Amino acid sequence: MGNKVTVLGGGAMGTACAILLSENPEQEVALWTRNPEHAAIMAQSRQNERLLPGVKIPASVAITADVAAAIEGADILVAAVPTAFLREALTDWAPLLTADRPMVSVIKGIENETFLRPSEIISEILGHRGVVALGGPSHAEEISRRLPASVVAASGDLSLAKRVQDIFTTDRFRVYTNLDIIGVEMAAALKNIVAIAAGICDGLGFGDNAKAGLITRGLVEMTRFGTAMGAEASTFSGLAGIGDLVTTCVSPYGRNREVGERLGKGETLEQIQADMKSVAEGVWTTRSVYELSDQRDVDMPIANEVYQVLFEGKSPTDATESLMLRPPKR
Ligand code: 13P
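All values derive from a computational prediction rather than experimental measurement. (Residues numbered from 1 in each chain as written. Predicted model: local features only at pLDDT ≥ 70, side-chain atom pairs only at ≥ 80, totals over all residues. Heavy atoms only, no water.)

**Topic: the overall build of the protein**
Of the regular secondary structure elements, the protein holds 15 helices and eight strands. Computed over C-alpha atoms, the radius of gyration of the protein comes to 19 Å, within 12% of the 20 Å expected from 2.2 N^0.38 for 330 residues, which places it in the range of a compact globule. Projecting the C-alpha coordinates of the protein onto the three principal axes gives extents of approximately 60 × 40 × 35 Å. Out of the 330 residues in the protein, the part that is buried amounts to 54%. For the protein, the computed accessible surface area is about 14,400 Å², with 51% contributed by carbon and sulfur atoms. Charge centroids of the protein, computed over 31 positive and 41 negative side chains, lie 4 Å from each other. (Helix = DSSP H or I, 4+ residues; strand = E, 2+ residues; numbered from the N terminus. Rg over C-alpha atoms; globule rule 2.2 N^0.38 Å. Buried < 20%, exposed > 50% of the residue type's maximum accessible area, 1.4 Å probe, protein only. Areas by Shrake-Rupley, 256 points an atom, 1.4 Å probe, with all protein chains shown as cover. Lys, Arg positive; Asp, Glu negative; His and termini not counted. Charge placed at Lys NZ, Arg CZ, Asp CG, Glu CD.)

Spelled out as structure tokens, the structure:
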């Protein structure tokens, strides 16, 4: 008898995970999405038309807005809701989650005000159940179309990370394991800030040299911040670090990169957010990282400039000048 895996969140990543997990015929897969109308349309059309148009959701995926039905009998849960909604969602699910079923987080952010990582929010609200963070270059648009991807499953409990590796692995989805859950979650969140900056480069027409420089220095900054929070430096040169950073900074699908590009072309954050189909986590993460780096005295020049552009009305051109004319580095 196989596992039942329940994916909580019907966004692009949740839908892609459900499609991927359903490739294993031994696995029963449920996909919960909050909006009943959305669930009914998806169940009928077998597509997430808004976020993954043209991609078929196999008939074996049970799509529902009834969270109790989705969770019933699940051996393992996958949390795929934006960081800002996670606390509230977990509070709703908590009474239904009596057994200590492990949870996989595919969420890439840091909560505002508490500065908690998704796995910490999960542990805080559900008690000390096993949590695994799945990170790495993993655009839903590609995974759902069976394009090859490689990711890392991180947990302080290696046997649980290996179980998640088994559950997610397919011939097109390669999963590594790692004990450094702090590093994997930090990298996943921080790369979104650099992707906004990379998008600004695109919007301003700055070219490849500027973007490569930004990615390189962005990785230095991510590593500095992550290690100050307890992460292993080596995680940042792996799939969750440089891997996800590259894909998010160059991808035409990247939501965070898109926010930056549109800022670079002169739109305001309000205009951009008004017509985005899904959440760009980096906007919120920038606020958390700006405040936390100030508290902990970690030098984060790129994140600082992204913050100024997003929330303080600084122009992308002025932010570029501030970065380029900082006191020289060795
Ligand atoms: P975006 O949210 O910027 O699209 O990034 C997705 C991602 O994390 C790919 O690995």
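**So, the sheet that holds strand β1 (residues 4-8)**
The strand order across the open sheet formed by eight strands is β3-β2-β1-β4-β5-β6-β7-β8, and the pairing between neighbours is mixed. Whereas interior strands pair on both sides, the edge strands pair on one side only; in this sheet they are β3 (61-64) and β8 (173-178). The sheet shows a mean angle of 25 degrees between the axes of neighbouring strands, direction not considered. Note: strand β7 (residues 149-154) against β8, six bridges, orientation parallel. Within β8, the position partnered with S150 by the bridge is R174. Sheet contacts for helix α7 (residues 158-168): β1, β4 (76-79), β5 (103-105), β6 (131-135), β7 and β8; angle to β8, the most-contacted strand, approximately 180 degrees. (Pairing = 2+ DSSP bridges. Axes fitted to C-alpha atoms, helices over the stretch in contact; angles between N-to-C directions. Contact = heavy atoms within 4.5 Å.)

**Quick notes on the pairing of β1**
Here is the key point about a regular strand: its side chains alternate between the two faces of the sheet. Counted residue by residue, β1 has five buried out of five residues, so it is predominantly covered. What you see with β1 is no split at all: K4, T6 and L8 on one side and V5 and V7 on the other are buried throughout. As paired strands, β1 and strand β2 (residues 28-32) are joined by five bridges and run parallel to one another. Paired with T6 across the strands is A30, a residue of β2. You can see the chain leave β1, run along helix α1 (residues 12-21) and come back into β2, and the turn it takes is right-handed. Sheet topology note: the β1/β4 ladder contains four bridges and is parallel. If you follow V5 over to β4, its bridge partner there is I76. (Right-handed = clockwise from strand over helix to strand, strands pointing away.)

**Describing the site of the ligand**
Neighbouring the ligand are K108, G136, P137, S138, H139, K191, D244, T247, T248, G254, R255 and N256. At a separation of 2.5 Å, an oxygen atom of the ligand approaches a polar side-chain atom of K191. At a separation of 2.6 Å, an oxygen atom of the ligand approaches a polar side-chain atom of D244. With the chains in place, 94% of the 310 Å² that the ligand exposes on its own is no longer accessible. Broken down by secondary-structure element, the contributors of at least two residues to the shell around the ligand are α10 (239-250) and α11 (255-264). The element contributing the most residues to the shell around the ligand is α10, with three residues. (Near = heavy atom within 4 Å. Polar contact = N/O pair within 3.5 Å; in protein donor to acceptor, adjacent residues only side chain to side chain.)

**Some words on the pattern of salt bridges**
Tallied over the entire structure, the rule returns 17 salt bridges. Residues R146 and E23 are paired through a salt bridge, measuring 3.2 Å at the closest nitrogen-oxygen approach. In this pair, R146 is assigned in the loop between α6 (140-143) and β7 and E23 in the loop between α1 and β2, connecting sequence segments 123 residues apart. Take R146: its relative accessible area is 31%, and that puts it in the partly exposed class. Residue classification places E23 among the partly exposed residues on the basis of a relative accessible area of 32%. Between R257 and E261 there is a salt bridge; the shortest N-O distance is 2.8 Å. (Salt bridge = Lys/Arg side-chain N within 4 Å of Asp/Glu carboxyl O.)

**Remarks on a nonpolar patch on the surface**
On the surface, I242, V246 and V250 cluster together to form a nonpolar patch covering roughly 200 Å² of accessible area. In this fold, V246 is placed in helix α10. (Patch = residues over 30% accessible without salt bridge, like charges linked within 9 Å, V, L, I, M, F, W, Y side chains within 5 Å.)

**Quick word on the packing of helix α14 (residues 301-311) against helix α15 (residues 316-324)**
At a closest axis distance of 9 Å, the pairing of α14 and α15 adopts a crossing angle of 160 degrees. In terms of orientation, α14 and α15 fall into the roughly antiparallel class. Along this stretch, α14 crosses α15, giving a crossing that reads as right-handed. Each of P301, I302, E305 and V309 in α14 lies in contact with α15, whose residues at this interface are P316, A319, S322 and L323. Grouping the amino acids of the contact of α14 with α15 by side-chain chemistry returns six nonpolar, one polar and one charged. (Parallel < 35°, antiparallel > 145°, perpendicular 65-115°, else oblique. Left-handed = near helix turned anticlockwise from the far one by under 90°. Nonpolar A, V, L, I, M, F, W, Y, C, P; charged D, E, K, R; others polar.)

Remember that the coordinates give geometry; whether it matters functionally is a separate question.
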